[in-house]
Amino acid sequence: MPHPTHRIRVLSLSALAFILVLPGCSPDKDKFLNRAYHRLTARDNGWFNADEKLRESIATLEQNHIDDFDEVLPVFIYPDEDQAKGMAGEMETCIEKCAVVIDRHSMNIKNTERNKWIDDAYFVVGRSHFYKRSFFDAQRTFDYIGRRFKGQNRQLESKVWLARTLILLEQYARAQTVLDEVRNVKELPKKFPQDELAAVQADLDLHRGKVDDAIMNLERAVDITKERSDRVRWSFILAQLYQMKGLEEKAIAQYQKVVKMSPSYELAFHAQIFQALAYNRGQSEQLRKKLNKMLRDDKHVDHYDMIHYALADLDLKENKKPEGIANLKTSCQVSTTDTKQKTKSYLKLADLYFDDRKYPPSQKYYDSTATLMTEEHPRYEEVTVRAEVLGDLVEQLNIIHTEDSLQAIARMTEEEREKFAKDAIKDRQRQEDEKAAQEAAARDTQVQAVQAKPATPAGGGRGSWYFYNPQQISRGMAEFKKKWGSRKLEDDWRRKDKSGGAVFSEDGDGPEEDGVPELADGEPAWKDPSFYFKDVPKDTAALMASDARICEAMYEAGMIYKERLRDVDNAIESFDGIINRFDDCAFTPEAHYQMYRIYLAKEATGSFIDFGGSTSMAYANIIKERWPDSEFARLVENPDQLERDEARRQIEAAEYDMVYRDFRNRKHMSVINACNDVLRNEPRNHLLAKYRLLKAMAVGGMHELSAFRNALTEVTREHPGTDEAKAAEDILAVLDKGGEPRNEGLPQGNGGSDFKVDMGVHYFVLVHPERGMPINDAKTAISDFNQRYFGDRNIQVENTILDSENQVILLRLFDDRAMAMNYFDKFQKDVGMLAGINDQGAPFFAISPDNYAQLYKNKDVGAYSEFFARNYLKGQ
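Source: prediction; values computed, not measured.

**Side note on the overall build of the protein chain**
- Of regular secondary structure, the protein chain possesses 34 helices and 6 strands.
- Across the 876 residues of the protein chain, 42% fall into the buried class.
- Of the contacts formed within the protein chain by residues at least 6 apart in sequence, a portion of 63% connects residues at least 24 apart.
- Looking at the protein chain as shown, the accessible area adds up to about 48800 Å², and 50% of this sits on carbon and sulfur atoms.

Printed below as a string of C-alpha cells:
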C-alpha cells in the first residue's frame, strides 16, 4: 500500500498540473483538451443544476395542478398567470445559470459550435421563458436553437417546443408548419421524443377544433410513450374525446383502461364516474352496481354528490325521471366541498322542472344555481335571466296563494281556526328542531375536521410560510373557489351561505329569514296563534281588496307566461281563471283581449281545431258587446291596428331621433320649429313629452333664460308625472338656485334600450328562424366556413332558443370589436359556403357580452339591429 505522503504528493502534482493547464483552455481553440474542459464544466457546473431546478419546478407545478373535469383535460399542464409569477424566481435562476454557461463555455469556431452542451443550455433558457409565460422570449429562443444548432440533439426538440409556444399564442397555422417540418425529416434521431410530437399535434388539433385528428394523434402518442404519467393522462383525454364524439362503447372501454393503469385518485374516480355518464344504451346494472359500491367507500365521501349525479344520469337516460330527480336532490344534500358539482346538480333540477313547466321549484333551483355559477359559465346569462323571469312569476303566484289562503281562513269557524293555528305552530316547531339539529351536526363535523389536521411544522424560513409561496397561494385560491365559489372580498363574507343552499321542496317552502319578530316574553311571534290571523280580511271591503290583488296577480302571471316564457297553455289558464272568477275586475277586459290574441295566433297556424267554442271571434264579440268604447274594442275591430300602431311608433321614434341629432349639433332654431310642428299637428304622437322637453332645451340653448323657464314650466304642466316633467322640475330647481343645469336634465335619444358601445370582447350572433334551414345543418355550414377562413382561431358555435319562432346561433369568442367586425364582413360577403344562411334576410351582427345579455332578456332584435347599424356600420 503506498505511503500517505506519497498519495498527497501525487494529488498535489495533479492539481498543480490542472491549474497550469487551465489558462490554456481557451474557448477559441478547437483542441481536445479545450473541448473536454468546456464541455465538462458546462454540463456539470451550470447546465445540470439549471436543468434539475427546472425539472423540479415543473414537477411541483404538475403535482399542485387541479384539473377541471367538466372540460376536456389539457394535453399538457402549463401555469396560469398567478402560477407563472410564483415560478418566475426559479426560472430566472435557471436562465442566469445557463447564461453564464453560454457566456463562458461557448466554443463558436468557424461558425460552428464545438461545445455540445450549449444547445442544451439554450434549451433550458427557452423552456424557462415558456414557464414564465414570456412566450415571445421563448419563441425567439426556440427559433434560434432551430436555426443555429442544425444537426445537434436539441434542434428538432426546440422546434416542437416552438410549436407549443405558437399554440399558446394562437398562431395555429405557423405551429402546424413547424410540426410539419419536424415530421418531414427523413430520419429522426433515436432519442427524439416522438410521443411528444404526436401529443403536441393532438393539442394543436384540439385548439383548432379538429377532434377526429386529435383522436388519431393521441392514440399514437398513447401507444408509443414510455412515460407512465403521460400514458395515463393522455388515455383519459382520449376517452373524453371518444365520449364527445358519441362513441360511447369506446369511451367506456377507454375509461376502464385508465382505471387499470393505477392512476391518481382523481383520475381513477372520474374515470369510473364518466363510464356511467358515457352510457347511452344497453344494460346499466353493472354500472349501477359499481356506483353503489363506491357509495359504500368512505374515501369517496367528498364525491358522493358526483356519484348520485351519475346515478341520476342513468335514471334519466332510462326514462326514470322520479328516481333521477331523487338522486339529484340527494346529490345536492350530500355535497361538501365541490361547488361546481352542486351547480351542475342544481342546474339539472332547474332544467327538468322548467321543461315540465313546474315553475316555482324551477325558479328556486335556477336561483340557487345563479348564486354558485361563475360569470364565465356559458349558461350564466341564460340562468340569471330565467331566475329573474321565474322570480317575477313566482312572486305573482305567491300573491295568489297567500290571498287565497287568507280568504280560506276568513271562511273558517272559530274551532277550525284554533285547530289551524295549533297545526301551524306544531309544524313550525318541527322545522326549527330539524334546523337546529342540522346546525349542530355541521358544527361537530367542522370541529372534527379541525382536530384531525396535523400541527403546522415550526420553521421561520421564507419558503416554509404559506404566504411566501405563490404556488401554494394559487392552489389555496383554487380550493377556496371549489368549496365556496366566487365570493366578493368583504366583511362577514361567509354569513350569506351561498354554497350551502337548501334543497327546496316543490311546495315552495324555503329557509326562514333572519330577524323573526319576538313576543314580549322573548318567545318568537310564530308561537302566538294570533300571528297567523293578522292579515286575514275581516270585512267586505278587505275581501274586495284581496280579490283585486288576486285578479292583478293572475293577469301579471298570464302575461309572464305568454310574453316571457312563451307558455301559451298556462297563459290561457291564468286569463281564463280571471274571466271565470272575476266578472268585472280591473283586468277582466284585458284578460278577454289576451285570450282573443292567443286564439288569433292559434288560428293563423292553420292547424287549430275548436272543440269548446273558444275562438278569437267569440272573445272579440264579448269585448265589443261589454266594452264597446274601449281601446280593446277598437283593436279587435281592426286586428291589424296593433301592428299599424307599432309601425307608427317606430316611425315617430326615428323622426324624433333625427330632431334630437339636430339638437346635439346645436341647430336650436331648426329643433324648435320641428318640435312646434309635431306639437301642433300630431296630438297622438307617443313622444309628445320628449318633444316638449327637447324644445325647452333648444330654447335654453338660445340663452333666453325667461323663455327657457316658461318652456320648462310648460313641460311640467302638460305632462305631469312623466320622466320628462321630473327632468324639467330638476332643471328649474337648479335655475332657482342660480346654477347651471347639469347633463342629467338633457333629453336623451329614443333608442329604447340599454345597449352600450363596447370595444372589448365580442360575440357574433345569427338570428335563425325555425322555418329556415335545419339548425344543425346551419351550424355545420358555419363551422365549415370558420374552418376554411378562420382555421387558426378556436371559434365555438352554439345555439339556444330565443323565442317561439327563432333560435340564436352564437359564435364566440372574438378578442375585440375589430376582430368581430372582420368576421361580420367576411360572413356578409360570402356567396358560396353560407348560401341559404346569410342571404335569407335573417339578422346577424357583432355584439358584446353585456349587450347580448340585454338582447336575450328583452328579445328586441329590431332595437339591437338599429343600435348595431348606428354604432358599427356607420359610414359603410
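Read on for the rest.
**What about the pattern of salt bridges?**
- Across all of its chains, the model carries 47 salt bridges by this definition.
- Between aspartate 392 and arginine 564 there is a salt bridge whose closest N-O contact spans 3.1 Å. Of this pair, aspartate 392 sits in helix 18 (residues 380-410) while arginine 564 sits in helix 21 (residues 540-564), and the two are 172 residues apart along the sequence.
- Here aspartate 392 falls in the partly exposed class, since its relative accessible area comes to 26%.
- The exposure class of arginine 564 is partly exposed, given its relative accessible area of 36%.
- Between aspartate 730 and lysine 726 there is a salt bridge, with its nearest N and O atoms 3.4 Å apart. Here aspartate 730 and its partner lysine 726 are both found in helix 30 (residues 723-736), 4 residues apart, which amounts to about one turn of the helix.
- On the accessibility criterion, aspartate 730 (41% relative accessible area) is partly exposed.
- The network of salt bridges with common partners includes Asp68, Asp70, Lys340 and Lys344.

**Side note on the nonpolar core**
- Counting 185 residues, the largest nonpolar core has Tyr131, Ile273, Ile782 and Tyr823 as its most contacted members.
- For tyrosine 131, the residues in contact, after removing those within four places along its chain, are Leu54, Ile58, Leu61, Ile77, Tyr78, Pro79, Ala84, Met87, Met91 and Trp161.
- Residues Ala653, Leu687, Phe708 and Ala728 belong to the second largest nonpolar core, which totals 28 residues.

**Considering the packing of helix 28 (residues 688-701) against helix 29 (residues 705-718)**
- Where helix 28 meets helix 29, the axes come as close as 8 Å, and the angle between the chain directions of the two elements is 170°. What the angle tells us is that helix 28 and helix 29 run roughly antiparallel. Taken together, the residues of helix 29 that come into contact with helix 28 (itself represented by Arg692, Leu693, Ala696, Met697, Val699 and Gly700) are Ala707, Phe708, Ala711, Leu712, Glu714, Val715 and Glu718.
- Its residues assigned to classes, the contact of helix 28 with helix 29 comprises 9 nonpolar, 1 polar and 3 charged.

Quick notes on the rules
Residues numbered from 1 in each chain as written. Predicted model: local features only at pLDDT ≥ 70, side-chain atom pairs only at ≥ 80, totals over all residues. Heavy atoms only, no water. Helix = DSSP H or I, 4+ residues; strand = E, 2+ residues; numbered from the N terminus. Buried < 20%, exposed > 50% of the residue type's maximum accessible area, 1.4 Å probe, protein only. Contact = heavy atoms within 4.5 Å. Areas by Shrake-Rupley, 256 points an atom, 1.4 Å probe, with all protein chains shown as cover. Salt bridge = Lys/Arg side-chain N within 4 Å of Asp/Glu carboxyl O. Core = buried A, V, L, I, M, F, W, Y, C linked by side-chain atoms within 4.5 Å. Axes fitted to C-alpha atoms, helices over the stretch in contact; angles between N-to-C directions. Parallel < 35°, antiparallel > 145°, perpendicular 65-115°, else oblique. Nonpolar A, V, L, I, M, F, W, Y, C, P; charged D, E, K, R; others polar.

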